[in-house]
Amino acid sequence: MSAAFHSKMRACAAAVLAVMVLFSAAAGVSSREAMDNFIFVANRTTAEIAVIDIRKDEVVSRISTDGVPLHLLASKERRQLIATNGALQTLSLIDFDSRETLFRLELDFKPSFIELGPDDHLLAVGDDQGTLLIVSLDEQRELHRIEGLPEPGYSMFSAKGDRLFLSHRARGEISVIDVVEGRVSGSISLEHTSPETGGIAHITRTPGGRYGFALHREGGGLSVLDLQKETAIDSVVLPGEHWRGFPTVDSQYVLVPNRNDDSLSVISARTRKESARFQGIRDMTGVNTALFGSVAFAFSRADRGVTMIDLLEQRIIRRFDLPSMPETAATTTDGLKVYVALVETDQVAVIDVIRGKVVKTIDDVGGEPWAVLAAGALNYCH
């Protein structure tokens with residue numbers, strides 16, 4: 001990496017630290033540990049979450065769950081973890097400080113998707129057979145239940161949290177759910193921009209909430225949505241067979257892995273076009289961004305490695321190896337470190353963003369770790 005790049009990264013890091021100091025001074029000293037000092041790791045063999053302290057890069061405690069988690073979310077505002085269990089068909093709300101389960105909801109279905117609202121007050125959880133629940137985390141109860149939805153796929157809340165957008169696996173259509181009234185209030189059709197979608201593989205939105213992106217199940221396309229006007233406004237042709245999109249924290253781009261040609265597409269939210277495509281990244285398990293969305297890390301299962309990309313200059317910085325096959329990853333809220341699950345060696349690797357390399361591996365995170373989360377950050381799961 002060039003001296004200019006290192007200089008730019010150091011400047012970004014200094015800016016991040018300055019902002020953190022200002023916020024800490026304004027907030028005062030808390031008697032409780034900040035949740036963003038910790039990374040949470042779920043595994044496929046035990047009913048517990050490993051808690052990593054990012055200041056030590058060590059496992060410092062464990063949190064018990066109802067069986068092996070199927071989904072895991074972390075709420076910084078509530079200081080809580082949310083876990084689902086497929087075998088027991090439950091959803092649990094766990095207090096971070098006491099480690100106690102505050103609330104357990106019997107779902108009567110195996111959940112296939114889960115989404116936390118932007119204010120962390122509401123939760124959407126549903127299955128691929130047509131059931132959707134809106135759950136109040138404040139009141140610890142089910143608020144609304146909608147049945148008979150056609151093959152739901154993924155969901156996302158609006159930026160204000162008053163609507164929920166729900167995709168359908170066999171239709172080129174997104175249902176709009178009125179969260180307050182608990183009913184379908186409208187829909188977004190992709191037909192006039194993308195008439196042959198074959199259904200929707202995944203939906204996501206920019207953190208700012210203006211634009212949404214729907215990945216097509218067939219044809220390799222992507223539809224751009226105006227979520228305020230609830231309409232599809234554009235389409236982008238891509239190589240195809242993609243499983244999800246990854247927005248950057250600054251709402252500038254969505255990064256889309258293309259399995260058909262082992263590439264990563266960069267879609268600009270401003271121009272609604274593909275601004276760059278990076279080749280030779282096989283079988284990606286996820287893409288994380290850091291330093292205000294200026295740097296991306298694309299993880300390859302096939303190569304057991306990482307491709308590091310400068311999103312400002314839109315070029316590959318370098319590629320480097322991982323100790324074993326990666327799963328999901330999480331970026332710390334300061335954007336300075338990325339933690340990635342290593343499923344073959346039962347570890348979590350720590351990547352220093354400024355130095356652009358693995359600086360440590362953490363053991364004792366459970367067998368076959370798959371979910372790594374940072375409270376208050378952009379997280380994802382398979």
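Residues numbered from 1 in each chain as written. Predicted model: local features only at pLDDT ≥ 70, side-chain atom pairs only at ≥ 80, totals over all residues. Heavy atoms only, no water.

A. Region of the structure containing the sheet that holds strand β20 (residues 246-247). In spatial order, the strands read β20-β21-β22-β23; together these 4 strands make up an open sheet with antiparallel pairing. Of all strands in the sheet, those bounded by a partner on one side alone are β20 and β23 (274-279). (Pairing = 2+ DSSP bridges. Helix = DSSP H or I, 4+ residues; strand = E, 2+ residues; numbered from the N terminus.)

B. Geometry of the nonpolar core. Counting 35 residues, the largest nonpolar core has Leu 255, Leu 264, Val 287, Phe 297, Phe 299, Val 340 and Ile 351 as its most contacted members. Sorting elements by how many residues they give to this core places strand β25 (residues 295-300) first, with 5 residues. Beyond its immediate chain neighbours, meaning those up to four positions away, Val 287 contacts Phe 246, Leu 255, Pro 257, Leu 264, Ala 296, Phe 297, Ala 298 and Tyr 380. Residues Met 35, Phe 40, Ile 94 and Trp 370 belong to the second largest nonpolar core, which totals 17 residues. (Core = buried A, V, L, I, M, F, W, Y, C linked by side-chain atoms within 4.5 Å. Buried < 20%, exposed > 50% of the residue type's maximum accessible area, 1.4 Å probe, protein only. Contact = heavy atoms within 4.5 Å.)

C. How the structure looks around the pairing of strand β9 (residues 122-126). Within β9, 5 of the 5 residues are buried, which leaves it mostly tucked inside the rest of the structure. Burial along β9 is two-sided: the face carrying Leu 122, Ala 124 and Gly 126 and the face carrying Leu 123 and Val 125 are both buried. The hairpin turn running from strand β8 (residues 113-116) into β9, its antiparallel successor, is 5 residues long, and Asp 120 in that turn takes a positive phi close to 65°. Pairing of β9 with strand β10 (residues 132-136), which is carried by 5 bridges, proceeds in the antiparallel orientation. What sits directly across from Ala 124, in β10, is Ile 134. Count of turn residues in the β9/β10 antiparallel hairpin: 5 residues, of which Gly 130 carries a positive phi of about 120°.

D. Layout of unusual backbone geometry. For Asp 57, which is not a glycine, the phi torsion comes out positive at approximately 55°. On the secondary structure map, Asp 57 appears in the loop between β2 (48-53) and β3 (58-64). According to the relative accessible area criterion, Asp 57 is buried, its value standing at 10%. Unusually for a residue other than glycine, Ser 251 sits at a positive phi of about 65°. Note on placement: Ser 251 falls in the loop between β20 and β21 (253-258).

E. Region of interest: the sheet that holds strand β19 (residues 231-237). Reading across from one edge, β16-β17-β18-β19 is the order of the 4 strands in this open sheet, with antiparallel pairing throughout. If you trace the sheet from one side to the other, it starts and ends with β16 (200-205) and β19, each paired once. When strand polarity is set aside, the average angle formed by the axes of neighbouring strands in this sheet is 25°. Relative to β19, strand β18 (residues 221-226) is paired through 6 bridges, and the arrangement is antiparallel. When the sheet's bridge partners are listed, Asp 226 is paired in β19 with Thr 231. (Axes fitted to C-alpha atoms, helices over the stretch in contact; angles between N-to-C directions.)

F. Spatial organisation of the pattern of salt bridges. Scanning the entire structure with this criterion turns up 27 salt bridges. In this structure, the salt-bridge partner of Lys 337 is Asp 57, at a minimum N-O distance of 3.2 Å. Of this pair, Lys 337 sits in strand β29 (residues 337-342) while Asp 57 is found in the loop between β2 and β3, placing the two residues 280 residues apart along the sequence. Neither Lys 337 nor Asp 57 differs from the other in exposure class; each is buried. The shortest N-O distance in the salt bridge between Asp 303 and Arg 282 comes to 2.5 Å. (Salt bridge = Lys/Arg side-chain N within 4 Å of Asp/Glu carboxyl O.)

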